[in-house]
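Each chain, letter by letter, is given below.
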Amino acid sequence: FKDCRQRWDFSSPLRMNLESQNPNKNLMTGSLVHEALAKAYEPSWQTAGDQSSGEMPPLFNADALVSSYDTAAQARIDEIQASSLGEELKAELVKEIYLGQGMLRHYCLWAPGYEADQRREHPQLSIREVHATELRIELPLILPGYYLYYEGTVDGLVTLHNGEVAILEHKTAARYP
C-alpha cells in the first residue's frame, strides 16, 4: 500500500469487484443440492400422519428430492454444454453435478434411518415439524458496545419435539472440516 497504491488496488479481485467467467464447481453443486433439499423438506406436502400409533410421517419427500435435483441438474448441464468453456472444464463441472446426484440418492437411503434413530435416541430434540425452507433471516446480536445483525439464508425453520424452534442447516463438503 505504501509503495504503490495502484498495485495494491489491483492486487485484490474482491476490491476490484471482478467476477470469474468460470463457474465455481463446489458452489454450483452445493446450490443445486440445497435447492433440491428445500423442495424435499417443503412443509406444504407433509401430512399429519397417524399420530395415535406414535408413528410420525417422514420429514422429507425423497421423490421430490431426486426429481427436483435431476431437473435442475439437467438444465445446468445443458447450459454448461452450450457455453464457451473449455472441454476439460465442462467435463469437470458435469462430473461434479453427477457427484451431487449420487450424494442425494444416498441421502434418501440414509435420512429415514437417521430420522428414526434421532426420534428413538433423542425424542425431545428430534424434528417434529418443518415450517419453512430456504428462509432469509436477520437476527440482531446485541453485544456490549456493539449492535450487529446475523444475516443470511437458512435451509429450514423447524419445531423440535420439546417445542423449541430451531434452524435446520445442511452442509455439503468434499471432506470433514
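Owing to the predicted nature of the structure, the values given are computational and were not obtained by experimental measurement. Numbers given for residues are sequential positions, taken from 1 along each chain in its written order. The predicted nature of this model means local features are confined to residues of pLDDT at least 70 and side-chain atom pairs, given and counted, to a pLDDT of 80 or more, with totals for whole chains, interfaces and linings taken over all residues. Side-chain measures here rest on the full set of heavy atoms in the structure, leaving out hydrogens and waters.

Asker: If you had to explain empty space enclosed by the protein to someone new, which residues and values would you point to?
Answerer: Each cavity reported here is a set of points on a 1 Å grid over the protein atoms alone in which a 1.4 Å probe fits but cannot get out, each pocket an open set with protein on both sides within 12 Å along at least five of seven lines, and each lining residue one with an atom within 4 Å of a point. Grid points are joined across faces, edges and corners, and a volume is the space filled by probe spheres set on the points. For the coordinates displayed, the defined rule picks out one cavity of 30 Å³ or more. Reported here for the largest cavity is a volume of approximately 30 Å³. Surrounding the largest cavity, His34, Leu37, Ala38, Tyr41, Glu134, Asp155, Leu168 and His170 form its lining. Starting at the N terminus, helices and strands are each numbered in turn, a helix being any DSSP run of H or I of at least four residues and a strand any DSSP run of E of at least two. Counting residues per element, the lining of the largest cavity draws most heavily on helix α2 (residues 25–40), which supplies three residues.

Asker: With reference to specific residues and values, describe the packing of aromatic side chains.
Answerer: The geometry of two aromatic rings is summed up by the distance between their centres and the angle between their planes. Two aromatic rings from Phe, Tyr or Trp, using only the six-membered ring of Trp, form a pair when their centres are within 6.5 Å; if the ring planes differ by under 30 degrees the pair is stacked, by over 60 it is edge-to-face, and anything between is tilted. All told, the structure shown has two aromatic pairs when counted by the stated rule. With 5.7 Å between their ring centres and 50 degrees between their planes, Tyr107 and Trp110 make a pair best called tilted. Of this pair, Tyr107 and Trp110 are both found in helix α4 (residues 87–121), three residues apart, which corresponds to roughly one turn of the helix. Consider the rings of Tyr147 and Tyr149, whose centres lie 5.6 Å apart with planes at 85 degrees: the pair is edge-to-face. Partly exposed describes any residue whose relative accessible area lies between the buried limit of under 20% and the exposed limit of over 50%, with all areas from a 1.4 Å probe on protein chains only and scaled to the type maximum. Classification of Tyr149 as partly exposed rests on a relative accessible area of 44%.

Asker: Explain the sheet that holds strand β3 (residues 165–168) to me, using residue names and the numbers behind them.
Answerer: Strand order in this open sheet of three strands is β1-β2-β3, and the pairing throughout is antiparallel. Because the sheet does not close on itself, it has two edges, and the strands there are β1 (127–143) and β3. Neighbouring strand axes in the sheet, compared pairwise and without regard to direction, differ in orientation by 50 degrees on average. By this definition, two strands are paired if DSSP reports at least two bridges between them. As defined by bridge partners, β1 adjoins strand β2 (residues 146–160) across 14 bridges and the pair is classed as antiparallel. Paired with Ala132 across the bridge in β2 is Leu157. Between N-to-C directions, angles span 0 to 180 degrees; the directions come from axes that are lines fitted to C-alpha atoms, helices contributing only their stretch in contact.

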